[in-house]
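Residue-level listing of the chains:
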Amino acid sequence: MSFLVQSVRHVLRHTTQRTTLTGAMRALSLSPGMHQQNKPAPVVDVAAITKDQQKECQLICDRINQQVAKAEQGRLFAVVHLCGKQFKITPGDIILVEGYWPPTIGDEISLDKVLLAGARDFTIVGRPILEPGLVTVKATVIEKTLTHTKTHFKKKRRKQYMRINFQRSPNTMIRINSIEVTQTVDGTSKAKEDLSRRLF
Amino acid sequence: MSNSHLFLKSGFPRAPLQNGLGRYVCQLQRITLKFCKNNGSSRGMRDFIENHLVDFAKENPGIVVYVKPRRHRTPVLVGEYLNGEREWLNCRNNTKDEISKWIELLKTQNGCSSSLRLRKMWHTDVPSVQGPWTPFLLRSPDANSIEYPNIDASKPLDIPKTATDKLIELFKKQKLEAGDGAEDLLKQKRAE
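Here's a quick rundown of the structure. (Residues numbered from 1 in each chain as written. Chains lettered and ligands numbered in written order. Predicted model: local features only at pLDDT ≥ 70, side-chain atom pairs only at ≥ 80, totals over all residues. Heavy atoms only, no water.)

**Things to note about the packing of aromatic side chains**
Scanning all chains against the criterion turns up zero aromatic pairs over all chains. Geometry around Y161(A) places K156(A) over its ring, the cationic atom sitting 4.9 Å from the centre. The ring of W102(B) is capped by K101(B), whose NZ or CZ atom sits 5.0 Å from the centre of that ring. (Phe/Tyr/Trp six-rings, centres within 6.5 Å; stacked < 30°, edge-to-face > 60°. Lys NZ or Arg CZ within 6 Å of the ring centre and 35° of its normal.)

Right, here's the structure in full:
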C-alpha cells in the first residue's frame, strides 16, 4: 500500500519536473529544486506504470485523505531525524538528544525532517523525507541536564602510564506534543514554494 | 580507579507529572546561595550576587532565591525541586561565569541527574501503532493449510543449477533458435 503511494507521488513529481525544468538544467544541477529529496531521480518510464495501477494509487490516496478529513485515522506515529539520529515517535513520547543542543527548556519546536508517518491503516514513506508541510510534528523541550559521571580510565601495564578522566555530557529531553497530517497526501505543487525557505 | 559506577542506579527517561504535555512547568522551586563575605574562595559567588542575581530573579519569577552569608565557609549552591529532591553543589574558587553556568544547569534540570544512568534514550506509552511484527506478517495464507511433511516446503530456497541442467537449457535454447531446419539436418546426419 505504501509502495503504491510512493510510486504515485514519484510519478507526479516526475511529471512536474519535466514541465518546469529543461534537461540541461537538470544535468547541471543548478536548480533550487535539486534538494536532497529529488536529487538524480532514477529514470522511470511513466508509461511503464499502467493506467489501472495509477487509478488504484489514486484510490488509495483518496481513502487516506478521507480518513484524515474525518479524523478517523487514530493515533499517528512518525520517524523523525533529529541531531543525527532517527527516532520513532508518537504523541506523548519522550526522546533524548545527546550532546550540545541550543534549545532551552520550555521551547516549543517543530521537527521538520519527517522520514515516515503512519497510522493504523496506512503509512506514508518519504524519499528520504516527506514533503515539507505534509506532516507537522510539535514538541516541547522539558529538560536540559548532564549525564551521570562517566569514568574514562586508561592504563598500560609495566609502562608507568595511567590516566583517569571524568566526563559529563549534556542531554536534552523532549516531549512530543502532536503529530498531524496537515495536507492532502497527493498534493505535490505546494511544496515548491516552501523549498527556498527550507534549510535542508 | 573509581568504582562508583558499580552501584549506580539505572533507569529510563521519565518526566515528572506529565510535564510538557499541556504546558511546561519549571521544576526548580528554590535556590539557595551560601557564601562568605570575606573569604577569597567566595569571590566568584560574591561577584555573581552583585552583578547577575537580581536579573536572574527577575527573569525567573517562579524560582525563590535565598542568599545566605556565613563566615569562613566555602560557597555552596543548593537547588530544591518539585519532586522533593535537593541538589547540593560546591562552588569553591569558582568564577562568576562558572557559577552562572551551574545555576543554569540547576534551573533546567528536573531533579538530581547525576545519580541515574539512562538505559534508553526514548520512552513511550504506545510501543506499536500498527502492531508488532511477527514472522507471519504479510505472508500468504496458503501456508496455514500446508500439511507436513511437505516436499516443496522442505526444500532449501536457493538450490543452484547443476552443470547438467545448464547444458540442457543451452541445448533447448539452441534448438528453439535453429527451428525445424536444424532438426532436418540432424536427421540427415543420423541417417548417414
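Still to come is the rest of the account.
**Section: the pairing of strand β7 (residues 135-146) of chain A**
Residues and elements named next belong to chain A. Within β7, ten of the twelve residues are buried, which leaves the element mostly enclosed by the surrounding structure. Here strand β4 (residues 108-111) runs beside β7; their pairing, made up of four bridges, is antiparallel. For S110, the partnering residue across the bridge sits in β7 and is K138. (Buried < 20%, exposed > 50% of the residue type's maximum accessible area, 1.4 Å probe, protein only. Helix = DSSP H or I, 4+ residues; strand = E, 2+ residues; numbered from the N terminus. Pairing = 2+ DSSP bridges.)

**Quick word on the packing of helix α1 (residues 43-51) of chain B against helix α3 (residues 96-108) of chain B**
Residues and elements named next belong to chain B. Between α1 and α3, whose axes approach to 8 Å, the crossing angle comes to 70 degrees. Judged by the angle between their axes, α1 and α3 are roughly perpendicular. Across the interface between the two elements, G44, M45, D47, F48 and N51 from α1 touch K96, I99, S100 and I103 from α3. (Axes fitted to C-alpha atoms, helices over the stretch in contact; angles between N-to-C directions. Parallel < 35°, antiparallel > 145°, perpendicular 65-115°, else oblique. Contact = heavy atoms within 4.5 Å.)

**Brief notes about the interface of chain A and chain B**
Contacts between the two partners involve 36 residues from chain A and, on the opposite side, 33 residues from chain B. Together chain A and chain B conceal approximately 2,800 Å² of surface at their shared face, both sides included; 60% is due to carbon and sulfur atoms. If you look at where chain A meets chain B, you find zero salt bridges. One can count 17 residue pairs in polar contact (both at pLDDT 80 or more) joining chain A with chain B. Among the elements of the structure, β2 (85-89), β3 (94-98), β7, β8 (150-156), β9 (161-167) and β10 (170-181) of chain A are those that each provide at least two residues to the side of chain A that touches chain B. The leading source of residues in the side of chain A that touches chain B is β7(A), at seven residues. Each residue belonging to the side of chain A that touches chain B can be placed in one class, and the counts come to 16 nonpolar, eleven polar and nine charged. (Buried area = accessible area lost by both parts, 1.4 Å probe. Salt bridge = Lys/Arg side-chain N within 4 Å of Asp/Glu carboxyl O. Polar contact = N/O pair within 3.5 Å; in protein donor to acceptor, adjacent residues only side chain to side chain. Nonpolar A, V, L, I, M, F, W, Y, C, P; charged D, E, K, R; others polar.)

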